[in-house]
Amino acid sequence: MFRLLPLLALTLTAHASPWQKIFSPLDNWQTAQAVEAKEKALVIKEGNQPTLFTNAGNPRKSGYLQTVDQFGDCTVEAEFIIPKGSNSGIYLQGRYEIQILDSHGKEKPTDGDMGAVYHRWDNKRDPKGFEGHPPLVNAANPAGQWQKLVIKFRAPRLDAGGKLLEKPRFLSVHLNGKLIQKEITLNGHTRSAQRQGWAAKDHIFIQGDHGPIAFRKFKVTAEEFSRTKE
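First things first, this report covers the structure right here in the doc. Residue positions are given per chain, counting from 1 as you read along its sequence in written order. Predicted model: local features are reported for residues with pLDDT of at least 70 only, side-chain atom pairs are reported and counted for 80 or more only, and whole-chain, interface and lining totals are derived from all residues. With hydrogens and water set aside, each side-chain value is computed from the structure's full complement of heavy atoms.

## Structural notes on the sheet that holds strand β10 (residues 96-101)
Strand order in the open sheet formed by five strands is β2-β7-β18-β9-β10, and the pairing between neighbours is antiparallel. A strand with exactly one partner marks an edge of an open sheet, and here the two such strands are β2 (23-24) and β10. Pairing between two strands is assigned when DSSP locates at least 2 bridges connecting them. Under the DSSP-based scheme used, a helix requires at least four consecutive residues in state H or I and a strand at least two consecutive residues in state E, with every element numbered from the N terminus. Relative to strand β18 (residues 205-206), strand β9 (residues 87-92) is paired through two bridges, and the arrangement is antiparallel. Residue pairing for β18: isoleucine 90 is matched across the bridge by isoleucine 206.

Structure follows, in structure tokens:
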């Protein structure tokens, strides 16, 4: 079993704190009261109370978001919606991606599908992509429906000089209530990482330039996970 010691929680839900307290920079991202999936796009619905955060207006130029704070061990809870064919991802410490992709109904998901630990990349290898982890089951909802990811991440352990003592791990990932990843050890950063090397703490990133996505909740809780596996 692992030990949970809540240290800090950042939460955004409807009628709560501004998104600016969680993410930066906010260029090309915007708040909205509602969104609607239409074919391959998210259409912003106007309203008086902004409760969502989205790049629906211009996803190709939105770029990556990062959290204001840095995290080591943590639990991430994200509720999001994507249209048909959309593509995004959540990067723990800016290095280790849990893929977000319209993958509903796919019989044999790959390490590029929804909930996968995306592969690493090396142009000198054959194949160039390696050490990816497909989801254990395809739990993706249809495009246009809200989905929920819960990610438990244990950061690398470093000594005082920055030498690696223990590699990082995804302890578990649940998608829409189903376990899709368990005890995945990470030997290095995944493809398109925003950071390299090892770090005890760093920002969490969201990919925003591969397709539209909207969030109605994004919560990061700092934890302290013991070395013992689940």
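Next comes the rest of the account.
## Considerations on a nonpolar patch on the surface
A patch consists of residues exposed above 30% relative accessible area that lack any salt bridge, with like charges linked at up to 9 Å and nonpolar side chains (Val, Leu, Ile, Met, Phe, Trp, Tyr) linked at up to 5 Å. Here the open area of atoms and residues is found with the Shrake-Rupley method and a 1.4 Å probe, where only the protein chains shown may cover a residue. The rule for a salt bridge is simple: a side-chain nitrogen of Lys or Arg has to be within 4 Å of a carboxyl oxygen of Asp or Glu. A cluster of nonpolar side chains, Leu136, Val137 and Leu179, forms an exposed patch at the surface whose accessible area comes to about 240 Å². Mapped onto the secondary structure, leucine 179 falls in strand β17 (residues 178-185).

## Looking at the pattern of salt bridges
With the rule as written, the count across this model stands at 10 salt bridges. Residues aspartate 113 and lysine 106 are paired through a salt bridge, measuring 2.9 Å at the closest nitrogen-oxygen approach. For the salt bridge of arginine 169 with glutamate 183, the shortest nitrogen-to-oxygen distance reads 2.7 Å. Of this pair, arginine 169 sits in strand β16 (residues 169-175) while glutamate 183 sits in strand β17, and the two are 14 residues apart along the sequence. Pair check on accessibility: arginine 169 and glutamate 183 agree, each one buried. Beyond isolated ion pairs, a larger network of salt bridges with shared partners links Arg95, Arg195 and Asp202. Categorising residues by exposure relies on relative accessible area from a 1.4 Å probe, with only protein chains included: less than 20% of the type maximum marks a residue as buried, more than 50% marks it as exposed, and the intermediate range marks it as partly exposed.

## Digging into the nonpolar core
If you look at the biggest cluster of nonpolar residues, it comprises 38 residues, and the most contacted ones within it are Ile90, Leu92, Leu149, Phe170, Ile204 and Phe218. If you list the elements that add at least two residues to this core, you get β8 (74-81), β9, β10, β13 (147-154), β16, β17 and β19 (214-222). The contact definition used throughout considers only heavy atoms, calling two residues in contact when any of these lie within 4.5 Å. Excluding anything up to four places from it in sequence, phenylalanine 170 contacts Leu92, Tyr96, Ile98, Val117, Ile151, Lys152, Phe153, Lys182, Glu183, Ile184 and Leu186. Residues grouped as a nonpolar core are buried Ala, Val, Leu, Ile, Met, Phe, Trp, Tyr and Cys residues, joined through side-chain atoms within 4.5 Å. By size, the runner-up hydrophobic cluster in this structure holds six residues, among which are Val35, Ala56, Ile81 and Ala214.

## A short note on unusual backbone geometry
Comment: phi is negative for the bulk of residues other than glycine, and the bulk of peptide bonds are trans. Here the amide bond leading from serine 24 into proline 25 is cis, since omega sits at -15 degrees, within 30 degrees of zero. With respect to the helices and strands, the residue proline 25 is situated in the loop between β2 and β3 (30-32). With an omega dihedral of 5 degrees, the bond running from aspartate 126 to proline 127 counts as a cis peptide bond. By the element assignment, proline 127 lies in the loop between β11 (120-121) and β12 (129-130). The phi angle at glutamate 39 is positive, at roughly 55 degrees, despite the residue not being glycine. For glutamate 39, the position within the fold is in the loop between β4 (34-38) and β5 (41-45). Relative accessible area serves as the criterion here: at 74%, glutamate 39 is assigned to the exposed category. In this structure, serine 192 is a non-glycine residue whose phi angle is positive, near 65 degrees.

## Quick look at the environment of tryptophan 146
Along the polypeptide, tryptophan 146 turns up in the loop between β12 and β13. Here the alpha-carbon distance between tryptophan 146 and isoleucine 81, two residues 65 residues apart in the chain, equals 4.8 Å. Tryptophan 146 has contacts with Leu52, Glu79, Phe80, Ile81, Asn141, Asn176, Ala214, Phe215 and Arg216, leaving out every residue within four places of it along the chain.

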